[in-house]
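Chain by chain, the residues run as shown.
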Amino acid sequence: MRFAYRFSGLLGTVYRRGNLSFTRDGNSLLSPVGNRISLFDLKNNKCETLPLATRLNIVCVGLSPDGSLAILIDEEGAALLVSLIGKCVIHQFYFHKPVHSVSFSPDGKKFVVTKDNLAYLYHAPGKKREFNAFVLDKTYYGPYDETTCIDWTDDSKCFAVGSKDMSTWVFGAERWANLIYYSLGGHKDVIVACFFEENSLDLYTISQDAALCVWQCDTELDGLKPMPPKDAAKEKKAAEDDEELLEEPKGEEIHGKADPPEQETRTKVKYSRVAKYFFNKEGDFNNLTAAAYHKKTHLLVTGFASGVFHLHELPDFNLIHSLSISDQRIASISINCTGDWIAFGCSGLGQLLVWEWQSESYVLKQQGHFNSMVSLAYSPDGQYIVTGGEDGKVKVWNTSSSFCFVTFTEHNSGVTAVTFTSTGYVVLSASLDGTVRAFDLHRYRNFRTFTSPRPRQFSCLAVDSSGEIVAAGSQDSFEIFIWSMQSGRLLDVLAGHEGPISSLSFNPMKCVLASASWDKTVKLWDMLDSWRTKETLIMNSDVLVVAFRPDGKELAVAALNGQITFWDHENAVQTGSIEGRHDLQMGRKELDKITAKQAAKGKSFTTLCYSADGQSILAGGLSKFVCIYNVKEQILMKKFEISCNYSLDAMEEYLDRRKMTEFGSMALIDEGGGGDEGVAIPLPGVKRGDMSYRHFKPEIRVTCVRFCPTGRSWAATTTEGLLLYSLDSGLIFDPFELDIDVTPSNIHKTLNQKEYTIAIVMAFKLNEKKLIQEVIEAVPSSEVDVVCSSLPDLYVEKLLEFLASAFETSCHLEFYLIWAHKLLMLHGQKLKTRSVKLLPVIQFLQKSIQRHFEDVSKLCEWNIYNIKYALAISQQRGMKRPAEETPEDEEELDSDSDYLMQEAHKDTLSS
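Reading the values: rules and limits
Residues numbered from 1 in each chain as written. Predicted model: local features only at pLDDT ≥ 70, side-chain atom pairs only at ≥ 80, totals over all residues. Heavy atoms only, no water. Buried < 20%, exposed > 50% of the residue type's maximum accessible area, 1.4 Å probe, protein only. Helix = DSSP H or I, 4+ residues; strand = E, 2+ residues; numbered from the N terminus. Pairing = 2+ DSSP bridges. Axes fitted to C-alpha atoms, helices over the stretch in contact; angles between N-to-C directions. Core = buried A, V, L, I, M, F, W, Y, C linked by side-chain atoms within 4.5 Å. Contact = heavy atoms within 4.5 Å. Parallel < 35°, antiparallel > 145°, perpendicular 65-115°, else oblique. Nonpolar A, V, L, I, M, F, W, Y, C, P; charged D, E, K, R; others polar. 1 Å grid on protein atoms, 1.4 Å probe; cavity = no way out; pocket = protein on both sides within 12 Å on 5 of 7 lines; lining within 4 Å. Points joined across faces, edges and corners; volume = space filled by probe spheres on them. Expected span 1.5 Å × (residues − 1).

## Regarding the pairing of strand β27 (residues 332-335)
So, point 1. Here β27 shows a buried face lined by S332 and S334 and a second buried face lined by I333 and I335.
So, point 2. With 4 bridges connecting them, β27 and strand β28 (residues 341-346) associate as antiparallel partners. Bridged to S332 within β28 is G345.
So, point 3. Counting the residues between successive antiparallel strands, the hairpin from β27 to β28 contains 5 residues, one of them, G339, with a positive phi of roughly 85°.

The following block contains the structure:
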């Protein structure tokens, strides 16, 4: 149970690539983040990352019309059918080639997948059990180049497919007598999007050179005639004969022709272009990269490579609104069902924006770190996490909503370390720009900047338990700088190390600072004794990280040789060591000349953190694994694989032989044809593409790990973002001192006899959360005092932990507050003697109560304001204003406003 941590959230990454999709109610947004998918609840201001992952980065998402199913397709064409209700994978399928787009029909019975220059129509998975969820119905041939987009008619009879060959094809989902296929030209660049008009076959096509063509059809949707039975029977028989010859059924094939014979087209549907519009003004050429259309409101949204978006009303092409939201290309656009909210995804900076166009305001504006995250720290109550990145930004995240609520951009270079002070309202960050900055979380400002006499690059940071002393280590002058938080003055410069300072840590209980350096030493500095070196611990290798146990009695040190050593720093004696190099289990990079096993000999842990109770230690490094060790036994307790995304480098232990050629690895060759994602292959006389472009895969690594002070979760900053792992207590049966008489029926009997204390003890022995909740809520509030006083000491701690978790979900706030208050009042002195062991439980309780306090206090302030407003209105009733010489029309206006105020007062009183 203690190590049953499960993936619970991904923070710091809101959008990578792929298409955004609004859910059916229009209140939630699905966003692909690497090989995972995040669900943003815009009404309740929460974000949830689903506990499932594809093998590679997701490139397209198809959402069923009822919002219960989603198809996630990765870079190689592997698909997952996902239930958004159960948040689990139902089926896996492999399309064998990269897929460009996927779209469900509006009736939810079929979906279309486009790959290469073909469109495949599949039967959508139904609500009944099936052997194969993906059954191919038809294959459509037509475009000569790769397909780019799909759109369906409202009645699911036809769909349109856009292509890179500058043509758009309209196909019938069934074989209609007057429409099997139709090809539309008229563009001079790649088709970005195509949209049907509402309840019509009229079509809009948009190309990359920012041109819009309006196509009118001479037939309504009701005018589509079914194929005569004789012809249909012949074609069906021919298709069956073909299937008998093949090993597996391929479905019906429909071959489209760009120039069909005239006799074929006489009785068929005809399209004519009625208008062509251009978005770009003269001399202001800008590639159009994404588009979305809302059929009911006739609203067209287009995004451009410069980060500008336009809102137009069709079919008249009236510009409603234009705005620049980024300096990077807009990769994806989606409109919700009401047409009020527009979502934009910018893959270059990892931005996700939801814009309400009528009020011209942001519903959501989130962005992760542009470069990788380097460090993180939990606030003392575990409610917030602060992260620092190589982009020089410091971001503070709310762990319950998973949103970033403030970003500090004062640093001019990469942030190397961040930490909270003991109060939880001040964030400190060290940077390579030579400054340590203190930020206030009340006013969201940088109120202190600590600098050294000469410019230095700071590589690590520590703050003492009182929050008064700030220490930072330099990587170029080998010195440690000490400042006062109150005055901002430099108090001392500690010299003595002969190599760059790699890590600093203050003892939580004493005024002792531990500093680790690449000179193979750890020095202990006594703050009370004029910062003299109290002790020097000699190591066998360069020291990378140092950490104190929460009770301050033990010191953990990780070195370059892969060892974690434990020291009794009072007596300078080593108490144990862990050989952890083999537990890292390094992967082999694509361009590595040596095997992963050989490369692992030079690898080590780069980040350490003790658990809240100090019994175990969390360690991570340049690997996809995070290890938890038992400190006392010095053994590996559990290994967490933080990613299964093979789009990252160093994931596989062995290189794929199929990617090796006689000239070396295929990874050395930049493939692509000059598209948005690919590389422009240089040909003689061609000036196209970015000359500085280098195709590379980011390497998987863990830069920092931290345990939450409550002990119920831990976080890691990785290449993918900020990963959260927490205890999921609902799925595990973990009894405590269980005996044969402890059964749910016996607990209910005891409860009916009003023996509440015995019932609570029995419920905790069985340790089922719902049963404990039932027993505790059955105790009358008048009896709480008596039950708390007679409760054995052993169960007080368990009850406090239960109360802390119950606060998060229960609506009985006052009832549980009475329990917490009585327990702490009656058992406070006894709990104080075990304060170190109980600290995680108390902090968990504090976090839960603090969250409710903030919510209720905001509500109360709002109510007080409303009551004051209502009183002020009622006091003005009947009062006459002093007479002034005003024109008659102004007097009329005043009397009207008085009348309106009185009406508003009546409304407030009646409500």
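## Some thoughts on the sheet that holds strand β30 (residues 361-367)
So, point 1. Spatially, the 4 strands line up as an open sheet ordered β27-β28-β29-β30, and their pairing is antiparallel. One side of each edge strand has no neighbouring strand; the edge strands of this open sheet are β27 and β30. Sheet twist, expressed as the average angle between the axes of neighbouring strands with direction ignored, equals 10°.

## Thoughts on the sheet that holds strand β1 (residues 5-11)
So, point 1. Reading across the sheet, the 4 strands line up as β1-β59-β58-β57 and stay open at both edges, with antiparallel pairing between neighbours. Among the strands making up the open sheet, the edge pair consists of β1 and β57 (702-707). Pairwise comparison of adjacent strand axes, ignoring direction, gives a mean angle of 20° for this sheet.
So, point 2. Inspection of the sheet shows strand β58 (residues 713-718) paired to strand β59 (residues 722-727) by 5 bridges, in the antiparallel sense. Its bridge partner lying in β59, T717 is registered against L722.

## Digging into the nonpolar core
So, point 1. Counting residues in hydrophobic clusters, the biggest one holds 39 residues, and the most contacted among them are I760, I776, L799 and W819.
So, point 2. Elements supplying a minimum of two residues to this core: α5 (744-752), α6 (756-766), α7 (769-778), α8 (784-790), α9 (793-809), α10 (813-833) and α11 (835-876).
So, point 3. It is α9 that contributes the most residues to this core, 9 residues altogether.
So, point 4. Excluding residues within four positions of it along the chain, W819 makes contact with I760, I776, V779, V784, V787, C788, L799 and L803.
So, point 5. Among the nonpolar cores identified, the runner-up in size contains 23 residues, and F3, F7, V702 and Y725 belong to it.

## A closer look at the packing of α5 against α7
So, point 1. Packing of α5 against α7 brings their axes to within 11 Å, and their N-to-C directions diverge by 5°. Relative to α7, the element α5 is oriented roughly parallel. Across from P744, I747, H748 and L751 in α5, the residues of α7 making contact are L771, E774, V775 and A778.
So, point 2. Here the contact of α5 with α7 is composed, by residue class, of 6 nonpolar, 1 polar and 1 charged.

## Here we look at empty space enclosed by the protein
So, point 1. According to the stated counting rule, one finds 1 cavity of 30 Å³ or more in the structure shown.
So, point 2. Put simply, the largest cavity is a space of about 30 Å³.
So, point 3. If you trace the largest cavity, you find it lined by L10, T13, R16, V33, G34, N35, R36 and E720.

## A closer look at α9
So, point 1. A rise of 1.5 Å per residue sets the reference length of α9, with its 17 residues, at 24 Å; its end C-alpha atoms lie 26 Å apart and thus fit the reference within 8%.
So, point 2. Those residues of α9 not exposed but buried are Y795, V796, E797, L799, L800, F802, L803, A804, S805, A806 and F807.

Function-wise, these values are silent; they only describe arrangement.
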